Amino acid sequence: MIFSICIFLITISSCNNASYEDINILFTTDVHCGIDDNLGYSSLKAYKNYLEKNNKYVTLVDSGDAIQGNMIGSVSKGKYIINIMNEVGYDMMTLGNHEFDYGVDALGEAIELFNGDVLSCNIKYTGNGNDKLKDVKPYKIMEYGKTKIGFVGITTPTTAIESNPENFKENGEYVYSFTNDTLDQYYSCVQDNIDLCYENGCKYVILLSHIGYGDNYKDYGAIDLIKNLSNVSAVLDGHSHKSIECSYYKDKDDLYVPLCNAGTKLNEFGKLVITQKGNITISLINKFDGKDSFVDEIISNYNEEINSIGNKVVAKSDIDLKITDSDGIRIVRCRETQIGNLISDAYRLTTGANIGIVNGGGIRANINSGDITYADLQSVHPFGNKIIVVEATGAQISDYLEFCSRYTQSEYKDSLGPIGEFGGFASVSGLRYSINTSITSSVEENENKEFIRVSGQRRVSNIEVLENGIYNPLNLEKTYTIASHDFLLLSGGDGCNMFVNNNLIFDTQLLDYEVLISYIMDYLHGDLGLKYSNIENRIIIL
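Values in this document were obtained by computation on a predicted structure and should not be read as measured data.

A. Just the nonpolar core, in detail. Judged by nonpolar contacts, the single largest core of 52 residues is most densely connected at Tyr 41, Ile 72, Ile 84, Met 85, Phe 100 and Leu 133. When residues of this core are traced back to their parent elements, those giving at least two are helix H1 (40–54), strand S3 (57–62), helix H2 (71–76), helix H3 (79–88), helix H4 (104–113) and helix H8 (293–310). Of all the elements, H3 adds the most residues to this core, at 6 residues. Discounting chain neighbours no more than four positions away, the residues touching Phe 100 are Leu 95, Leu 107, Ile 123, Leu 133, Thr 155, Thr 159, Ser 163, Asn 167, Phe 168 and Phe 178.

Written out as structure tokens, the structure is:
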């Protein structure tokens with residue numbers, strides 16, 4: 001398919017030259033429950049209404065991670081978000097990895113509520129029970145007059161380790177997979193569905209994907225996928241939380257394909273227009289003052305309900321604890337941070353374990369100075385994982401740190417954005433270690449990106465455990481106690497499966513944010529600045 005592409009950033013004043021017969025496709029990415037953040041769903045609905053007054057064809061789609069991110073998602077298990085999306089008028093959404101965080105049962109119920117079509121071509125069910133995702137379609141063909149457009153949904157193949165792995169099992173066995181046995185299988189699955197769209201008369205095929213942009217998503221990500229496909233008209237991608245007007249990458253046939261991402265939390269939304277002449281223009285809309293009164297009312301009612309729960313002040317802080325640096329790079333996924341130290345300390349000290357660990361991807365929001373509410377801390381830990389303590393050998397701990405540090409680089413960003421980022425990166429308490437980034441990782445993984453072994457030289461060294469106030473070298477044969485959440489220790493989250501069969505010695509029955517609240521209130525008495533104004537060199541990057 002050959003067409004011309006024009007890219008430009010617009011505000012509302014530049015949108016008045018479209019033809020009535022043009023095809024307008026609005027898209028959002030990684031909203032993460034940001035119902036009234038930035039532009040918000042109300043302005044999106046108002047803009048959609050504006051377009052529909054002057055255009056025959058308007059479609060609204062989402063690229064995943066819409067229903068999880070703060071209290072409104074966790075309290076309703078995504079259903080309140082789906083209700084809002086229905087009112088805004090979404091036609092399609094693809095499933096992101098965090099759509100699964102409330103479990104497959106809850107996701108199935110949310111899908112039933114959604115008025116549009118839910119897409120993902122690479123989700124496979126192999127169990128003998130009830131497939132809760134049976135209503136998910138691989139693609140959707142829309143007709144705009146005589147023109148047909150295919151929308152193919154794609155969910156990141158790493159979903160089974162980025163959400164709770166137990167969500168994808170029946171009787172202890174995986175029954176949901178994401179076509180990730182081999183890269184060829186993954187690429188072929190997507191290509192087969194693209195081809196089916198063309199066989200059914202489509203003139204264009206758009207990938208509605210949640211797979212990620214950049215080096216951190218190599219192989220399964222959008223760039224490598226494009227390189228291994230043919231006849232893709234455009235890719236509207238989520239997962240990486242980036243704002244990308246458009247980047248161009250050559251496909252299998254050496255033709256350029258536009259790749260776009262509309263950021264996160266509705267800081268903008270995108271618009272792809274296919275003109276009557278077949279030209280494609282893609283823009284990001286970051287300013288629109290209109291509001292939709294009915295959507296405002298729905299959001300207001302939900303916020304009132306949630307605020308009654310979440311506005312209780314549980315502590316105060318005189319410092320900010322950030323998951324990002326000043327450029328917005330998520331350093332909690334590649335470096336020691338104050339907030340990572342705080343949370344891992346909370347796990348260790350409230351349970352009495354030798355070691356506390358927390359994955360960077362499990363820390364989702366900042367703790368800002370001033371009053372700290374229940375909602376603030378639940379936003380830090382929106383998944384509601386349970387805190388437990390298990391026994392582990394020093395050898396298993398060494399393997400864990402090696403696995404979690406395999407992507408870490410000497411620098412964590414370049415001119416294009418983050419490098420070496422990994423959601424499983426370990427923040428630690430009662431432990432310290434060094435990462436020699438000049439050593440290539442020798443970690444071996446299975447097809448699900450789960451740990452198998454370390455086969456060569458290790459990049460993690462100088463591992464020491466805090467014992468009786470003194471750091472001593474990690475004893476590979478000794479048994480230690482580790483506190484973390486069940487996602488990591490029992491379910492092997494982020495591929496860290498080295499602890500899943502270990503002896504469970506303490507189940508707190510407390511959720512992660514409840515333990516964090518307890519630590520801040522009872523141990524720190526609300527004074528975060530005394531201990532967490534600076535990092536403590538628990539993790540040294542060489």
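B. Spatial organisation of empty space enclosed by the protein. Considering all chains together, one arrives at 1 cavity of 30 Å³ or more under this definition. Its volume calculated, the largest cavity comes out at about 40 Å³. Among the elements that line the lining of the largest cavity, the one with the most residues is H4, at 3 residues. Taken together, the residues of the lining of the largest cavity break down into 9 nonpolar, no polar and 1 charged.

C. Looking closely at H3. Taking burial as the measure, the 10 residues of H3 include 7 buried ones, the bulk of the element. Within H3, burial applies to Tyr 80, Ile 81, Ile 82, Ile 84, Met 85, Asn 86 and Val 88. Those residues of H3 that are buried are in contact with H1, S3, H2, strand S4 (92–94), H4 and H8.

D. Spatial organisation of the packing of aromatic side chains. All told, the structure shown has 20 aromatic pairs when counted by the stated rule. With 5.6 Å between their ring centres and 40 degrees between their planes, Tyr 186 and Tyr 187 make a pair best called tilted. Side by side, Tyr 186 and Tyr 187 carry an identical accessibility label, which is buried. An angle of 55 degrees between the planes, with centres 5.5 Å apart, marks the rings of Tyr 400 and Phe 499 as tilted. With a gap of 99 residues between them, Tyr 400 in helix H11 (residues 394–404) and Phe 499 in the loop between helix H12 (486–489) and strand S31 (504–511) connect regions that are remote in the sequence. Residue Tyr 400 is classed as buried on the basis of its relative accessible area of 1%.

Cut-offs and rules
- Residues numbered from 1 in each chain as written.
- Predicted model: local features only at pLDDT ≥ 70, side-chain atom pairs only at ≥ 80, totals over all residues.
- Heavy atoms only, no water.
- Core = buried A, V, L, I, M, F, W, Y, C linked by side-chain atoms within 4.5 Å.
- Buried < 20%, exposed > 50% of the residue type's maximum accessible area, 1.4 Å probe, protein only.
- Helix = DSSP H or I, 4+ residues; strand = E, 2+ residues; numbered from the N terminus.
- Contact = heavy atoms within 4.5 Å.
- 1 Å grid on protein atoms, 1.4 Å probe; cavity = no way out; pocket = protein on both sides within 12 Å on 5 of 7 lines; lining within 4 Å.
- Points joined across faces, edges and corners; volume = space filled by probe spheres on them.
- Nonpolar A, V, L, I, M, F, W, Y, C, P; charged D, E, K, R; others polar.
- Phe/Tyr/Trp six-rings, centres within 6.5 Å; stacked < 30°, edge-to-face > 60°.

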